[in-house]
Amino acid sequence: MTMLMLTMFLHHLLRRAREAKNIMHLAGDTAEQLSVDEVAIIFGFLPHQDIMRARVCSMWRDAAKKTIVPPSDFVVDSVRSYNAMRVIAAALPNLQQLSIYDIGRGLKYKYIDEEDPDEGWARYTAHVPTYDINVISNFRKLSGLVIYKATLNGRYPSSFHFPNLQSLAITYCLNLKWDLDIMSASFPLLKELKLSSLGLPRTVCGGVGYAFHSISDVPSFMNTVYLLLQRTPKPFTEFWLSCAFDWRLSKDSPDWYEYDNRKGYPQPPFGLQIIRAGSRLGWSWCTFNRTNGHSCEINWLDPEPNSESSDYGAYTKDLQLVYQRISFFRGYHEPPTAEQYRRLCDGLEQMD
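So, how was this worked out
- Residues numbered from 1 in each chain as written.
- Predicted model: local features only at pLDDT ≥ 70, side-chain atom pairs only at ≥ 80, totals over all residues.
- Heavy atoms only, no water.
- Helix = DSSP H or I, 4+ residues; strand = E, 2+ residues; numbered from the N terminus.
- Expected span 1.5 Å × (residues − 1).
- Contact = heavy atoms within 4.5 Å.
- Salt bridge = Lys/Arg side-chain N within 4 Å of Asp/Glu carboxyl O.
- Axes fitted to C-alpha atoms, helices over the stretch in contact; angles between N-to-C directions.
- Parallel < 35°, antiparallel > 145°, perpendicular 65-115°, else oblique.
- Left-handed = near helix turned anticlockwise from the far one by under 90°.
- Nonpolar A, V, L, I, M, F, W, Y, C, P; charged D, E, K, R; others polar.
- Buried < 20%, exposed > 50% of the residue type's maximum accessible area, 1.4 Å probe, protein only.
- Pairing = 2+ DSSP bridges.
- Phe/Tyr/Trp six-rings, centres within 6.5 Å; stacked < 30°, edge-to-face > 60°.
- Lys NZ or Arg CZ within 6 Å of the ring centre and 35° of its normal.
- Core = buried A, V, L, I, M, F, W, Y, C linked by side-chain atoms within 4.5 Å.

**Student:** Describe helix H6 (residues 79-91), and please don't skip the residues or the numbers.
**Tutor:** The terminal C-alpha atoms of H6 lie 18 Å apart, and with 13 residues this matches the ideal 18 Å at 1.5 Å per residue to within 8%. Those residues of H6 that are buried are in contact with helix H4 (48-53), helix H5 (58-66), strand E1 (74-76), strand E2 (97-101), strand E3 (110-111) and strand E4 (130-131).

**Student:** A description of the pattern of salt bridges should follow, citing residues and the corresponding values.
**Tutor:** A complete count under the given rule lists seven salt bridges for this structure. Salt bridges sharing common partners tie together Glu339, Arg342, Arg343 and Asp346.

**Student:** Tell me about the packing of helix H3 (residues 36-43) against H5, and please be specific about residues and values.
**Tutor:** For any two helices packed against each other, the geometry comes down to the angle between their axes and how far apart the axes lie. Contact pair H3 / H5: the axes reach a minimum separation of 8 Å and the direction vectors enclose 60°. With respect to each other, H3 and H5 are oriented oblique. As for how H3 packs across H5, the hand of that crossing is right-handed. Here H3 contributes Val36, Asp37, Val39, Ala40 and Phe43 to the contact with H5, which in turn contributes Met59, Trp60, Asp62, Ala63, Ala64 and Lys66. Classifying every residue of the contact of H3 with H5 gives eight nonpolar, no polar and three charged.

**Student:** So what's going on with unusual backbone geometry? Which residues, and what values?
**Tutor:** Even without being a glycine, Asp116 presents a positive backbone phi close to 50°. By secondary structure assignment, the location of Asp116 is in the loop between E3 and helix H7 (119-124). The exposure class assigned to Asp116 is partly exposed, which follows from its relative accessible area of 43%. A positive phi angle, near 55°, is found at Lys149, a position not held by glycine. Its relative accessible area of 44% is what places Lys149 among the partly exposed residues.

**Student:** I'd like a rundown of the pairing of strand E5 (residues 144-148), residues and numbers included.
**Tutor:** Here E2 pairs with E5 via five bridges, running parallel. Each residue of the ladder has a partner; that of Leu98, found in E5, is Leu145. Here E5 pairs with strand E6 (residues 167-171) via five bridges, running parallel. Bridge pairing in E6 links Tyr148 to Thr171.

**Student:** I'd like a rundown of the environment of Pro335, residues and numbers included.
**Tutor:** Here Pro335 shows up in the loop between helix H11 (312-323) and helix H12 (338-351). Residues within four places of Pro335 in sequence aside, it is in contact with Ile215, Pro269, Phe270, Trp285 and Cys296.

**Student:** Go over the packing of aromatic side chains with me, naming the residues and quoting the values.
**Tutor:** Going through the model one piece at a time under the given rule, you end up with 15 aromatic pairs. Look at Tyr312 and Tyr315: their rings are 5.8 Å apart centre to centre, the planes differ by 50°, and that puts the pair in the tilted class. Separated by three residues within a single helix, Tyr312 and Tyr315 lie in helix H11, roughly one turn from each other. Within the aromatic cluster, the residues linked to one another by ring pairs are Tyr82, Tyr109, Tyr111 and Tyr131. Across the ring face of Trp300, the terminal group of Arg280 is positioned such that the distance to the ring centre comes to 4.0 Å.

**Student:** Give a detailed account of the nonpolar core, specifying residues and quantitative values.
**Tutor:** Generally speaking, a soluble globular protein has its nonpolar side chains buried in company with each other. Within the largest apolar cluster, 52 residues are counted, with the highest numbers of intra-cluster contacts made by Leu98 and Phe160. When contributions to this core are tallied by element, the ones reaching two or more residues are H3, H5, E1, H6, E2, E5 and E6. The element that contributes the greatest number of residues to this core is H6, accounting for six residues. Residue contacts for Leu98: discarding those within four places in its chain leaves Asp73, Phe74, Val76, Met85, Ile136, Phe139, Leu142, Gly144, Leu145 and Val146. Met222, Tyr226, Trp283 and Phe328 belong to the second largest nonpolar core, which has 26 residues in total.

Quick look at the structure:
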């Protein structure tokens, strides 16, 4: 059957559906005229609510499972809608858009804790009835996912793996743990990462305010960020890049050391920043005062532009501004050790 014939039949089918007193009779009529795949194509013109209502015979149920459901958001924000999601996960596995919200205002209900949960929150909510979020892993064709104030605690590697996902928004999920390595592997086609005013939670590796446990963890992480930045469109805005999500070294890190800030010495460079000079990207360790602070040497992520390229002028101009801040920590591509920092301060004191 040609696409024109299918389209004409679709209009006929929808008109008959509106007029039919018994949709089972209509299904019986079409069973002899269309295959399962052809019915699935027709269902692909309908919203998920209509497809669910149309599952009145085994043939149409089989067709529904094959249907690429047109983008129409399904919001899970209550126990009732959660139960509906469980049914839809089996009946319409090719749903393309999904929003996961808090299902129990006032902590009446929550989603199950997963790997490496926040122990304090887990104890506080131990009495709350739980629901299994892993059911969403059945939606293998998901292209858009919103997670808003969902009571998720820990990492959910088996639940959130969607090879076709293109848009992801995470807002106010303070105990959801993630990292950009997992995000890149789980969402290889991701084009849009939507951030709230708080961005990704600090429990997400790469989230706003995230604190790294070790200096050695940062280079591989920055390479992952660089790979994400090569995607089109870019998942991060210029604003978020300019402040590098307030990334820093954790005070619990074995690499951290205390310093005496009463003498006016530059702080140790325990903050992180993304460097953009023309089209060239890099990153560096820096003091927390990024406006008038000090920076370590730049760790470049891509090569220097050709001197004859149109971008070279902008690159050299931006580079002059960047290099003005590389003085006290010149020669260091990562924070100096406590002993090295003490020597730098002693040298500054002798110069005075």
